[in-house]
Amino acid sequence: MASPRVLSGIQPTGDSFHLGNYLGAVRQWVALQETHDAFYFIADLHAITVNPSPAELRRRTRVSAAQLFGAGIDPERSTLFVQSHVREHSELAWILMCNTGMGEAARMTQFKDKSAKYGETSAGVGLFTYPILQAADILMYQADYVPVGGDQKQHLELTRDLAQRFNARYGETFNVPAPYILKEVEKIGDLQEPLAKMSKSSSSPQGIIEVMEEPGPLRKKIMRAVTDTGSEVVADPENKPGVTNLLRIQSVFTGTPIPELEARYAGLGYGAFKKDVAEVVIEALAPIRERTEKLLTNEAELDRLLAAGAARASAVARETMELVRDHIGFLPKP
Ligand code: AQP
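As a starting point, this report considers the structure included with it.

### Notes on the layout of surface pockets
For step 1, the next point in the chain: Of the pockets and cavities examined, the second largest pocket occupies roughly 150 Å³.
For step 2, the next point in the chain: Asp-44, Arg-58, Thr-61, Arg-62, Val-82, Ser-84, His-85, Asp-303 and Leu-306 together form the lining of the second largest pocket.
For step 3, the next point in the chain: Breaking the lining of the second largest pocket down by element, the ones donating at least two residues are helix H3 (54-71) and helix H13 (299-328).
For step 4, the next point in the chain: Looking at the lining of the second largest pocket, the element that brings in the most residues is H3, giving 3 residues.
For step 5, the next point in the chain: Of the residues assigned to the lining of the second largest pocket, the class counts are 2 nonpolar, 3 polar and 4 charged.

Written as structure tokens, this is what we have:
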């Protein structure tokens, strides 16, 4: 029997991914490639919703690819590609848009959050239709599971609704995917505002840990992370969101259960705890940074790997689109 398929994407919207992207998504991608038929992509079509300059987009797309390979995505076991290299994504997004209600799209909270920055009427239409493109990305590959952070739950629900609606209207076409979200890392908090998610676009430089960050500044940021009143190192998401966030980070990286960490730091205070968290994060990210930097010295090789990924992804996308076009009633191309 074929392995179940996973599909996920990440936007090239920064010069580095952050700890939330890594722990919430990319780390699972690396693990899942061992047991699943894995498709991962760099979401450059999504990234243009916020109008990066062409030079910025090109650089960030390559940096993103290098970071994914550097984090452990194996081009032999996973299909890693750039979204815009597979033209079918945009075509399927349009078809799905024609099957989405305005009210349904307007309910997406990420649009509300992101458009607040521009003002709802000046935000691009692409930002509004973004979740529908995301549904197209997923359904195109007939994915079984989508490993993402908790912020994507609502978009996954929309994807499932659109798949079911399309199947009911036009006949069985799409696999209905399920989210794959790990509770303990579904939301890595901003270091300065731990109730908010760490985010490329909304976190302040002090609130975000970048995967590509040098040990010096990284250590400083963790030492300065907002901790809560009191001095006990205990997980309490409501009253101690800062400490809880750091405990979660240390726990996933070391594989040590949180109660064990709480016992270890009993009576030691925040300083000793934060120092250890910083060392754990530095040690975990250093090899990723080094491999990424090395990969970036050979752009031609990086582009070759991405071309191979695009060829494999395109073959699947063509197959899905033949089915979609036929089911919807488009005439075959003469
Ligand atoms: N703080 C987070 N905790 C856990 N998971 C997170 N993800 C993002 N932030 C956290 C997950 O990372 C994957 C890739 O995200 P993305 O780059 O496609 O976009 P995003 O979710 O909008 O993340 P950002 O950092 O906030 O990017 P910008 O600022 O560009 O919008 C997803 O699986 C996401 O859930």
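### Some remarks on the pattern of salt bridges
For step 1, the next point in the chain: One pass over the structure, following the stated rule, counts 18 salt bridges.
For step 2, the next point in the chain: Asp-151 serves as the salt-bridge partner of Lys-197, at 2.6 Å between the closest nitrogen and oxygen. With Lys-197 in the loop between strand S5 (178-180) and helix H9 (215-223) and Asp-151 in the loop between strand S4 (145-147) and helix H8 (153-170), the pair connects residues that are 46 residues apart, well separated along the chain.
For step 3, the next point in the chain: The exposure class of Asp-151 is partly exposed, given its relative accessible area of 35%.
For step 4, the next point in the chain: Several salt bridges converge on common partners, so that one network encompasses Asp-15, Glu-56, Arg-59 and Arg-60.

### With respect to the site of the ligand
For step 1, the next point in the chain: Close to the ligand lie 23 residues, the nearest being His-18, Lys-114, Asp-151, Lys-200 and Ser-201.
For step 2, the next point in the chain: Between the ligand and Gly-20 there is a distance of 3.2 Å, counted from a nitrogen atom to a backbone nitrogen or oxygen.
For step 3, the next point in the chain: Here an oxygen atom of the ligand and a side-chain polar atom of Ser-201 are 2.5 Å apart.
For step 4, the next point in the chain: Put simply, the parts of the chain that give the shell around the ligand at least two residues each are helix H1 (19-32) and helix H6 (109-118).
For step 5, the next point in the chain: With 4 residues, H1 is the largest single contributor of residues to the shell around the ligand.
For step 6, the next point in the chain: Tallied by class, the residues present in the shell around the ligand amount to 6 nonpolar, 11 polar and 6 charged.

### Thoughts on the environment of Asp-137
For step 1, the next point in the chain: By the secondary structure assignment, Asp-137 is in helix H7 (residues 125-140).
For step 2, the next point in the chain: With a relative accessible area of 1%, Asp-137 lands in the buried category.
For step 3, the next point in the chain: The residues contacting Asp-137, other than those within four sequence positions of it, are Leu-7, Phe-41, His-46, Gln-83 and His-89.

### Some thoughts on the pairing of strand S2 (residues 37-42)
For step 1, the next point in the chain: Among the 6 residues in S2, 5 count as buried, and that is most of the element.
For step 2, the next point in the chain: Two strands pair when backbone bridges link them, and strand S1 (residues 5-10) and S2 are joined in this way by 6 bridges, in the parallel orientation. Pairing of Ser-8 across the sheet is with Tyr-40, part of S2.
For step 3, the next point in the chain: Tracing the backbone out of S1, into H1 and back to the parallel element S2 gives a crossover that is right-handed.
For step 4, the next point in the chain: Of the strand pairs in this sheet, S2 and strand S3 (residues 78-82) are connected by 5 bridges, and their pairing is parallel. For Tyr-40, the partnering residue across the bridge sits in S3 and is Leu-80.

### Observations concerning the packing of H7 against H8
For step 1, the next point in the chain: For the pair H7 and H8, interaxial distance at closest approach is 9 Å and the crossing angle is 65 degrees. Seen along the crossing, H7 lies across H8 with a hand that is right-handed. Taking contact as the criterion, the partners of Tyr-130, Pro-131, Ile-132, Gln-134, Ala-135, Ile-138 and Leu-139 in H7 are, on H8, His-155, Leu-156, Leu-158, Thr-159, Leu-162 and Ala-163.
For step 2, the next point in the chain: Of the residues that constitute the contact of H7 with H8, the class distribution is 10 nonpolar, 3 polar and no charged.

What counts and how
- Residues numbered from 1 in each chain as written.
- Predicted model: local features only at pLDDT ≥ 70, side-chain atom pairs only at ≥ 80, totals over all residues.
- Heavy atoms only, no water.
- 1 Å grid on protein atoms, 1.4 Å probe; cavity = no way out; pocket = protein on both sides within 12 Å on 5 of 7 lines; lining within 4 Å.
- Points joined across faces, edges and corners; volume = space filled by probe spheres on them.
- Helix = DSSP H or I, 4+ residues; strand = E, 2+ residues; numbered from the N terminus.
- Nonpolar A, V, L, I, M, F, W, Y, C, P; charged D, E, K, R; others polar.
- Salt bridge = Lys/Arg side-chain N within 4 Å of Asp/Glu carboxyl O.
- Buried < 20%, exposed > 50% of the residue type's maximum accessible area, 1.4 Å probe, protein only.
- Near = heavy atom within 4 Å.
- Polar contact = N/O pair within 3.5 Å; in protein donor to acceptor, adjacent residues only side chain to side chain.
- Contact = heavy atoms within 4.5 Å.
- Pairing = 2+ DSSP bridges.
- Right-handed = clockwise from strand over helix to strand, strands pointing away.
- Axes fitted to C-alpha atoms, helices over the stretch in contact; angles between N-to-C directions.
- Left-handed = near helix turned anticlockwise from the far one by under 90°.

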